[in-house]
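Structural characterization, general
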Amino acid sequence: MMQEIQIKDKIFRVMIEAEKIQSRINFLASQINEDYKDKKPLFLGVLNGAFLFAAGLFKGINIECEISFIRVKSYSGTESTGQVKNLIGLNENIQGRHIIVIEDIVDTGDTARYLVDELKKQHPASVKFATMLFKPKALKQPFNPDYIGFEIEPEFVVGYGLDYDELGRNLNDIYVLKK
Ligand code: IMP
């Protein structure tokens, strides 16, 4: 593992190593296995960022479950509406299902809030939220993820699915922007 890496104009240093990430993810998987025994949950991974977290988590899930992936498209609306979001790729009928959203990071909380509200409109039995990283100090509105890999300071990170300008998603460790 490299202690420091450069992506474009920025230098990042290693923050969480791959082994530590996987052992924490294994712990989350064992919690979910207990909480969802006999509930046949539907996992919804949020692309692109959550693909590695989702894969790492699913290796440890041993209960009956379904797995699918969705996307949130953000585009700038008018000034009054701010960022408009759109949920795409949800092909399943989620009514009456137990849903677990799998996200890479909760930063301002806007995406997480939007996703949960949007999914609830379709009357699932329950919606819970799993995130690999959580920046509680960056929240713009209250949001409590149900399963959290690591709480981090409000700093910019890359790796393990997370990108800087679409680069760095393939890194095995999580890196933080060096100041
Ligand atoms: P939100 O601000 O909680 O809505 O987060 C929206 C999205 O911003 C996340 O799903 C990530 O894709 C991205 N994001 C937030 N913080 C970081 C970061 O530190 N590195 C890379 N992407 C981030």
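Look above for the structure.
Notes on the structure follow.

The rules we used
- Residues numbered from 1 in each chain as written.
- Predicted model: local features only at pLDDT ≥ 70, side-chain atom pairs only at ≥ 80, totals over all residues.
- Heavy atoms only, no water.
- Helix = DSSP H or I, 4+ residues; strand = E, 2+ residues; numbered from the N terminus.
- Rg over C-alpha atoms; globule rule 2.2 N^0.38 Å.
- Buried < 20%, exposed > 50% of the residue type's maximum accessible area, 1.4 Å probe, protein only.
- Core = buried A, V, L, I, M, F, W, Y, C linked by side-chain atoms within 4.5 Å.
- Contact = heavy atoms within 4.5 Å.
- Pairing = 2+ DSSP bridges.
- Axes fitted to C-alpha atoms, helices over the stretch in contact; angles between N-to-C directions.
- Near = heavy atom within 4 Å.
- Polar contact = N/O pair within 3.5 Å; in protein donor to acceptor, adjacent residues only side chain to side chain.
- Areas by Shrake-Rupley, 256 points an atom, 1.4 Å probe, with all protein chains shown as cover.
- Nonpolar A, V, L, I, M, F, W, Y, C, P; charged D, E, K, R; others polar.
- Parallel < 35°, antiparallel > 145°, perpendicular 65-115°, else oblique.
- Left-handed = near helix turned anticlockwise from the far one by under 90°.

**Quick word on the overall build of the protein chain**
Along the protein chain, the regular secondary structure elements total 3 helices and 10 strands. The linear arrangement of helices and strands in the protein chain, starting from the amino end, is β-β-α-β-α-β-β-β-α-β-β-β-β. Relative to a compact globule of 179 residues, whose C-alpha radius of gyration would be 16 Å, the protein chain shows 16 Å and is just as compact. Projecting the C-alpha coordinates of the protein chain onto the three principal axes gives extents of approximately 45 × 45 × 25 Å. Out of the 179 residues in the protein chain, the part that is buried amounts to 45%.

**Details of the nonpolar core**
Counting 29 residues, the largest nonpolar core has Leu57, Ile102 and Leu133 as its most contacted members. No other element matches the 5 residues that helix α1 (residues 18–35) contributes to this core. Every residue in contact with leucine 133, bar those within four places of it in the chain, is listed here: Ile16, Asp104, Ile105, Val106, Phe150, Ile152, Val157, Leu162 and Ile174. Grouped together as the second largest cluster of nonpolar side chains are 21 residues, Leu42, Val116, Phe134 and Phe143 included.

**Observations concerning the sheet that holds strand β7 (residues 126–134)**
Hydrogen bonds between backbone atoms are what pair the strands of a sheet, whose relative direction is either parallel or antiparallel. The strand order across the open sheet built from 6 strands is β5-β4-β3-β6-β7-β8, with neighbouring strands paired in mixed fashion. Looking along the sheet, the strands with just one partner apiece sit at the ends: β5 (83–88) and β8 (147–151). Strand-to-strand twist across the sheet, computed as the mean angle between neighbouring axes with direction ignored, equals 25°. When strand β4 (residues 66–76) meets β5, the two strands line up antiparallel, connected through 6 bridges. Paired with serine 76 across the two strands is glutamine 83, which belongs to β5. Relative to the sheet, helix α2 (residues 51–58) contacts β3 (42–47), β4, β6 (98–106) and β7, its axis offset from that of β6 by approximately 130°.

**Describing the site of the ligand**
In the region of the ligand, 15 residues are neighbours, and Asp107, Thr108, Thr111, Lys135 and Val157 sit closest. With respect to the ligand, the side chain of threonine 111 contributes an N or O atom lying 2.5 Å from an oxygen atom. Between the ligand and lysine 135 there is a distance of 2.9 Å, counted from an oxygen atom to a side-chain nitrogen or oxygen. Isolated, the ligand exposes 490 Å² of accessible area, and the fraction of that covered by the protein chains is 79%. Among the elements that line the shell around the ligand, the one with the most residues is β6, at 4 residues. Class assignment of the residues belonging to the shell around the ligand gives a composition of 5 nonpolar, 3 polar and 7 charged.

**A short note on the packing of α1 against α2**
Look at α1 against α2: their axes get within 8 Å of each other, and the N-to-C directions meet at 60°. With respect to their mutual orientation, α1 and α2 come out oblique. Judged by the sense of rotation from one axis to the other, the crossing of α1 with α2 is right-handed. Contacts between α1 and α2 involve Gln22, Ile25, Leu28, Ala29 and Ile32 from the first element and Phe53, Gly56 and Leu57 from the second. Residue classes in the contact of α1 with α2 are distributed as 6 nonpolar, 2 polar and no charged.

**Section: unusual backbone geometry**
With an omega dihedral of 0°, the bond running from leucine 47 to asparagine 48 counts as a cis peptide bond. Here asparagine 48 is to be found in the loop between β3 and α2. Within the chain, aspartate 38 stands out as a residue other than glycine whose phi angle is a positive 70°. For lysine 40, which is not glycine, the phi dihedral falls at a positive 45°.

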